[in-house]
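Analysis of the macromolecular model
Below, each chain spelled out in residue letters.
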Amino acid sequence: MAMFSQMRLRFWFAGILVIAAFAMLMIWRPWESGEPAITAQDAEQTVLDQYPGKIEQSVSEDGQYKLRLRSESGLYQVDVDADSGKVISITQVENKGDTEPKSLLSREQVKAGLQSSTKGGEIVKLELIDQAGKQVYHAVVRQQNDGPLEMTLDPYTAEILSSRIVSSSQQGKGPQDKLLTESEASKLALAEIPGEVDDVELRGVDSGTPYYLVEIDLVDGREATVEINAISGVIRTVTWDEDEPDKD
């Protein structure tokens, strides 16, 4: 009987040892090295095979390789799965030629520069347009002695990129010759909505139906936008605050 009890005790201890060994094996997992399936060099080569350029930085983080790729079009961050080697995402972080952030000059800033450089001239048109895929300010200044001066200006520096005097033969007999000035449009707008003129913008010249948008600040804090026919002076609409005026 005593011998049977000893055998049961031995089997019990052996079972505990087997269970403990199995638990340690599952925790340790020697078959899992913890290392990614591909190396950083493999990840870089995978990216370069798909996106020609130069790898400037490579960092291993959270099971991914985060690479900085410099290509002809700019700088990109490329995330690669460290196990499968697949590209997870690619994001452009810098455009080609970017050196520092640029801010467009406002119409008021450009207008102030024009008024200083074209003394005695009346600005009859100033708007931001797309020209050959780039933004420029297009201005027309009515001069006292010569014909209208047409200019394009750099929207970041207000530098005059090109200018020409429009001859009488080029002007023709279209509505451009009869346009109200900004000052005249402002007076008409103030007669409708008393206040202080904040901005005046000419639009629709190229479409053949030009009009002014005159922004007026009221004493009660509200803002009104008066749309005026730039030829006849007829007030077309009045909108308040965030309401968008109709456009031709």
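First things first, this report covers the structure right here in the doc. (Residues numbered from 1 in each chain as written. Predicted model: local features only at pLDDT ≥ 70, side-chain atom pairs only at ≥ 80, totals over all residues. Heavy atoms only, no water.)

From N to C terminus, the protein chain includes five helices and twelve strands. Counting all 248 residues of the protein chain, 28% fall into the buried class. Of the roughly 16400 Å² of accessible surface on the protein chain, a fraction of 52% belongs to carbon and sulfur atoms. (Helix = DSSP H or I, 4+ residues; strand = E, 2+ residues; numbered from the N terminus. Buried < 20%, exposed > 50% of the residue type's maximum accessible area, 1.4 Å probe, protein only. Areas by Shrake-Rupley, 256 points an atom, 1.4 Å probe, with all protein chains shown as cover.)

Right, let's get into the pairing of strand E6 (residues 134-142). When strand E5 (residues 122-131) meets E6, the two strands line up antiparallel, connected through nine bridges. Along E6, the bridge assignment pairs Leu 128 with Tyr 137. Relative to strand E7 (residues 149-153), E6 runs antiparallel, the two being bridged by five bridges. Each bridged residue has a counterpart across the sheet, and for Val 141 the counterpart in E7 is Leu 149. (Pairing = 2+ DSSP bridges.)

Counting residues in each nonpolar core, the largest one holds 16 residues, and the members touching the most others are Ala 189, Ile 193, Leu 202, Tyr 212, Val 214, Ile 216 and Val 226. Sorting the residues of this core by element identifies helix H5 (182-192), strand E9 (196-203), strand E10 (211-217) and strand E11 (223-229) as the ones contributing at least two each. Filtering out sequence-adjacent residues up to four positions away, Val 226 remains in contact with Ala 189, Ile 193, Tyr 212, Leu 213, Val 214, Ile 216, Ile 235, Thr 237 and Val 238. Formed by eleven residues, the second largest nonpolar core is a distinct cluster that contains Leu 105, Tyr 137, Ala 139 and Val 141. (Core = buried A, V, L, I, M, F, W, Y, C linked by side-chain atoms within 4.5 Å. Contact = heavy atoms within 4.5 Å.)

Tallied over the entire structure, the rule returns zero aromatic pairs. The ring of Trp 240 is capped by Arg 222, whose NZ or CZ atom sits 4.5 Å from the centre of that ring. In this structure, Arg 236 packs its charged tip against the face of Tyr 211, placed 5.4 Å from the ring centre. (Phe/Tyr/Trp six-rings, centres within 6.5 Å; stacked < 30°, edge-to-face > 60°. Lys NZ or Arg CZ within 6 Å of the ring centre and 35° of its normal.)

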